[in-house]
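Each chain is listed here by its residues.
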Amino acid sequence: MDVVQQLLQWQQAHSSKALYCVIGDPIKQSKSPLMLNRAFEECSIDATYGAFQVAPDQLPQFVQAVRELGILGMNVTIPHKLHVMELIDEIDADALNLGAVNTVVNRNGRLIGYNTDGIGYVRSLKEEAVANITNKKIVVVGAGGAARGIIYALLQENPSSIYVINRTVAKAKELVASLQSNVPLLAAGQAELEQLCNDADIVINTTSVGMYPHPDETPIAGHWMKFGAVASDLIYNPLKTQFLLEAEQHGCIAHGGLGMFIYQGAFAFEYWTGQTAPVEAMRETVLAVLQ
Ligand code: NAP
């Protein structure tokens, strides 16, 4: 059955409830439905959150159906975070500047796009590892979509500098050149990684190196880090990567990627409902399926 038909049937089956969804391709592994349905339940909101596998060529019709069927909110994941921007009615300034939308709010048929990935990461970093990022020296390893979102949000916190290091140096240079900031934002090559880690207060792995099914791999050796520095990884499967394990053994504070996932969902929940997200219940639900 066509995915727009699936959405229509789902909407008819739950027509008494407020409806939200996540779209992606693939989407089967997404933990968002579990996490957001728990959040609605916890806050006694009569809502349902579903997941839909939407191929790129189905995206325009699907977005139009969301608008017309009164689906109140939508999360957007890979590969639709850029293309969806052309299909909605308004884009928040930060999402526009960083060039990706992962959350859509439907206000009376007007679709408004936001990006909660970067701010979700920063909220998690501040809640779980380091309360104040101002004047900190930061090293970001990787220059993909996730790196872009978190660097954009980190720049708003006025760190002392951010170095971006990527296997493909040209991509790090491109990313740095595309972001405007008063904070020194610099690209560097792999050869400088050890030295930069040695001097950094916060080192963040945004590459997929170390993710399941290759949990023994790491792009950063733990002993390159300064004692007491924060080692942060966007990966949450495993919950503690090899990088974090090694850095922790070396006297660093380990910060895993689960919090970013929880808080990007928490911000979306807050944009949709205007209520504070039940973060601990959301975390408990996701942890239960990951462990
Ligand atoms: P992406 O756009 O595909 O970027 C991948 C990055 O990893 C690129 O910089 C790439 O370098 C680098 N990389 C890949 N394989 C590498 C290797 N073998 N050695 C060195 N560098 C390598 O992916 P993304 O969307 O940014 O996601 C990156 C990671 O963040 C994934 O692990 C993803 O699961 C995680 N993530 C977590 C959350 C969360 O909520 N916690 C959210 C989003 C993403 P090149 O440019 O040289 O290819």
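Everything that follows concerns the structure shown earlier in this document.
As the structure is a computational prediction, the values presented were derived from the model and not from experiment.

A. Local environment of the nonpolar core. Membership of the largest hydrophobic core comes to 31 residues, with the highest contact counts inside it found for Tyr121, Leu125, Ile151, Leu154, Ile162 and Ile204. Among the elements of the structure, α5 (117–128), β7 (137–141), α6 (145–155), β8 (161–165), α7 (169–178) and β10 (202–205) are those that each provide at least two residues to this core. With 7 residues, the top contributor of residues to this core is α6. Those residues within four positions of Ile204 in sequence are excluded, and the remaining contacts are Tyr121, Ile138, Val139, Val140, Val141, Ile150, Leu154, Ser232 and Leu234. In terms of nonpolar packing, the next biggest core, distinct from the first, is built from 27 residues, Val22, Phe40, Ala47 and Ile262 among them.

B. Just the site of the ligand, in detail. Near the ligand lie 20 residues; those nearest to it are Ala146, Asn166, Arg167, Thr168 and Leu234. In this structure, Leu234 approaches the ligand through a main-chain N or O atom, which is 2.8 Å from a nitrogen atom. Gly257 is positioned such that a nitrogen or oxygen atom in its backbone is 2.9 Å from a nitrogen atom of the ligand. Contributing elements (two or more residues each) for the shell around the ligand: α6 and α10 (258–273). By residue class, the composition of the shell around the ligand is 9 nonpolar, 9 polar and 2 charged.

C. Highlighting the pattern of salt bridges. Scanning the entire structure with this criterion turns up 13 salt bridges. With a closest N to O distance of 2.8 Å, Glu157 and Lys126 form a salt bridge. Of this pair, Glu157 sits in the loop between α6 and β8 while Lys126 sits in helix α5; the two residues are 31 residues apart in sequence, bridging distant segments of the chain. Taking the shortest distance from any N to any O, the salt bridge between Arg283 and Glu128 comes out at 2.8 Å. Residue Arg283 is located in helix α11 (residues 279–290), and its partner Glu128 is located in helix α5; the two are separated by 155 residues in the primary sequence. Judged by relative accessible area, which is 31%, Glu128 ranks as partly exposed.

D. Quick peek at the packing of aromatic side chains. If you walk through the whole model with that rule in mind, you get 9 aromatic pairs. Note on Tyr20 and Trp272: the rings are 4.9 Å apart at their centroids and 35 degrees apart in plane angle, and the pair reads as tilted. Residue Tyr20 is found in strand β1 (residues 18–24), and its partner Trp272 is found in helix α10; the two are separated by 252 residues along the sequence. Accessibility expressed as a relative area gives 3% for Tyr20, which makes it buried. According to the relative accessible area criterion, Trp272 is buried, its value standing at 11%. Consider the rings of Tyr236 and Phe261, whose centres lie 5.3 Å apart with planes at 25 degrees: the pair is stacked. Here Tyr236 is found in the loop between β11 (230–233) and α9 (242–249), whereas its partner Phe261 is found in helix α10, with 25 residues between them in sequence. With a relative accessible area of 25%, Tyr236 lands in the partly exposed category. Cluster of aromatic residues (ring-pair linked, three or more members): Tyr20, Phe40, Tyr49, Phe269 and Trp272.

E. The sheet that holds β7, seen in detail. Reading across from one edge, β9-β8-β7-β10-β11-β12 is the order of the 6 strands in this open sheet, with parallel pairing throughout. If you trace the sheet from one side to the other, it starts and ends with β9 (185–188) and β12 (253–255), each paired once. Across the sheet, the mean angle separating the axes of adjacent strands is 20 degrees when strand polarity is ignored. With 3 bridges connecting them, β11 and β12 associate as parallel partners. By the bridge assignment for β12, Ala231 is matched with Ala254. Taken strand by strand, α6 contacts β7, β8, β9 and β10, and its axis lies near 170 degrees from that of β8. Each of β8 and β9 touches α7; the most contacted strand, β9, lies at about 170 degrees to it.

F. Quick look at the sheet that holds strand β4 (residues 90–91). Pairing is mixed in the open sheet, where 6 strands are placed in the order β2-β1-β3-β5-β6-β4. Each edge of the sheet is formed by a strand with only one pairing partner; in this case those strands are β2 (47–53) and β4. Sheet topology places strand β3 (residues 73–76) next to strand β5 (residues 103–107); 3 bridges connect them, and they run antiparallel. Opposite Gly73, over in β5, you have Val105 as the bridge partner. Sheet strands touched by helix α2 (residues 32–42): β1, β2 and β3. Its angle to β2, the strand with the most contacts, is close to 170 degrees.

Cut-offs used in this document
- Residues numbered from 1 in each chain as written.
- Predicted model: local features only at pLDDT ≥ 70, side-chain atom pairs only at ≥ 80, totals over all residues.
- Heavy atoms only, no water.
- Core = buried A, V, L, I, M, F, W, Y, C linked by side-chain atoms within 4.5 Å.
- Buried < 20%, exposed > 50% of the residue type's maximum accessible area, 1.4 Å probe, protein only.
- Helix = DSSP H or I, 4+ residues; strand = E, 2+ residues; numbered from the N terminus.
- Contact = heavy atoms within 4.5 Å.
- Near = heavy atom within 4 Å.
- Polar contact = N/O pair within 3.5 Å; in protein donor to acceptor, adjacent residues only side chain to side chain.
- Nonpolar A, V, L, I, M, F, W, Y, C, P; charged D, E, K, R; others polar.
- Salt bridge = Lys/Arg side-chain N within 4 Å of Asp/Glu carboxyl O.
- Phe/Tyr/Trp six-rings, centres within 6.5 Å; stacked < 30°, edge-to-face > 60°.
- Pairing = 2+ DSSP bridges.
- Axes fitted to C-alpha atoms, helices over the stretch in contact; angles between N-to-C directions.

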